[in-house]
Amino acid sequence: MNKPTRRRLTATAMTVVVLTVGSAACSSGDGTTSAKAADSGTYTLWDPYPQFAKNSAWAKLLDGCGSKAGVKIKRTAFDTSDLTNKALLAAQQDNSPDILVLDNPVVSTLAEAGTLTTTDENKVDTSKVDRNLLAAGQPGGKTYGTPIGANTLALYYNKDVLKAARVDIASVKDWKSLTAALEKVKKAGKKGITFSAIGTEEGSFQFLPWFWGSGAKLTDLDSSGAASALSLWSDWLKKGYAPNSVINNTQTTSWQEFASGDYAFAENGTWQLAGAEKAGFDYGVLPIPGADGGSAPAPTGGEFVTVPVQGDTGRYTTTRKLVTCLTSTENLYDTDTTLSYVAPTSAVQNKQVASDAKLKPWVEAVKSAKGRTSDDLGTKYPKISEQMWKAVQSALSGADSPKDALTAAQDAVK
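Being a predicted model, the structure only gives us computed values, none of them experimental. (Residues numbered from 1 in each chain as written. Predicted model: local features only at pLDDT ≥ 70, side-chain atom pairs only at ≥ 80, totals over all residues. Heavy atoms only, no water.)

Caption draft 1: Seen up close, unusual backbone geometry. Even without a glycine there, the phi angle at K123 is positive, about 65°. Topologically, K123 is positioned in the loop between α6 (119-122) and α7 (131-134). Its relative accessible area of 42% is what places K123 among the partly exposed residues. Positive phi, close to 60°, is recorded for R166, a residue that is not glycine. (Helix = DSSP H or I, 4+ residues; strand = E, 2+ residues; numbered from the N terminus. Buried < 20%, exposed > 50% of the residue type's maximum accessible area, 1.4 Å probe, protein only.)

This is the structure we're talking about:
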């Protein structure tokens, strides 16, 4: 196989490390690098799952895959916000873990920094992975890792509220019919729809299905389609179909509003399924409709299993065995059940739906979903997203019209 040469961190990545971890860069004399080289029977893995303890199903899967490969896996869990900077610092010190489980938008950042190997180099097989999910890890036309699972957004709906408003959920097929349903709900004395439009990535994440559902592209924030999507949200607030609280709502507080039982719809994700079961009312799930019908592309959440660059390239053979085990059809079902994710392959998705029919609309939503860094946006996405959520905030607060807010956003990106 072609052995990847040691890459150099980009200047941008080095700046991120220096600014965010500061004094930590001085403490490189902990002997970890030499220990890893000396102990070829131990392979390191970093993940963003601090909620999973040593006795969790995830930890047991790691131990099992290590045993199968004849090695031990030493796992370290970080908060998602810390993991990127820890990974960049480790690469600077030539001390990267053997396996790195990353939030999918971060893959482009570390790939651009030169810290990850491609699947052509590490020989990890991604042939069975859904192409739309794999695209989140393909900056520059190269594939850096494989998704372990995905979540996305859809519309939860309260069947009791819709029944009282005489709304047939089968009639909700596009923006016009959804808005008509919200009008009926309000006239019936109930509340329409809640979502998160907060001025952070959560706000962009929730706006994207409507943005993409209009046919808009992230490279053209002020297109007519984009303006129609933001006008949709803005009009809902003006007409009282959505509460003003959405401007400050996180996805958690938005869910709490829906869980009160007063709202007809809520935009939220697969991670709220357990809460929906405990809400005390009958609910359903509908893929977010596009402007003119069909399912709108919703953004994908979830992580990629990646293989960082190693000074000792002989480690890649065993690392590949470990990654293959973690992402096998057999193991993905249990892992994605634990993580409340939809699997990245059709075979496991079918198994999930066969086991729980309520996952069917989520599988449909994931199949229509899109990575935020897809279309080769890579590290351009965070700047675009920031201007997007600022535009949403500006329009929903009434500070600017949707068109003017998006024009300002596009100008700022340029």
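Caption draft 2: Fine view of helix α10 (residues 201-213). When the terminal C-alpha atoms of α10 are compared, their 18 Å separation across 13 residues agrees well with the 18 Å that a helix rising 1.5 Å per residue should span. At F207, α10 shows its largest kink, close to 40°, and the proline P209 lies no more than four residues downstream. Listed in full, the buried residues belonging to α10 are G203, S204, F205, Q206, F207, L208, P209, W210, F211, W212 and G213. Buried residues along α10 sit against β5 (153-158), α9 (175-187), α11 (224-238), α12 (251-259), β7 (263-269) and α18 (381-396). (Expected span 1.5 Å × (residues − 1). Bend = angle between axes of the 7 residues up to and from the residue. Contact = heavy atoms within 4.5 Å.)

Caption draft 3: Looking closely at the packing of helix α3 (residues 57-69) against helix α15 (residues 329-339). Running from N to C, α3 and α15 point in directions that differ by 155°, and their axes come no closer than 10 Å. Taken together, the axes of α3 and α15 are roughly antiparallel relative to one another. In the crossing of α3 with α15, the sense of the turn from one axis to the other is left-handed. Facing α3, whose interface residues are A57, W58, L61 and C65, α15 presents N331, T335 and T338. When grouped by side-chain class, the residues that make up the contact of α3 with α15 number four nonpolar, three polar and no charged. (Axes fitted to C-alpha atoms, helices over the stretch in contact; angles between N-to-C directions. Parallel < 35°, antiparallel > 145°, perpendicular 65-115°, else oblique. Left-handed = near helix turned anticlockwise from the far one by under 90°. Nonpolar A, V, L, I, M, F, W, Y, C, P; charged D, E, K, R; others polar.)

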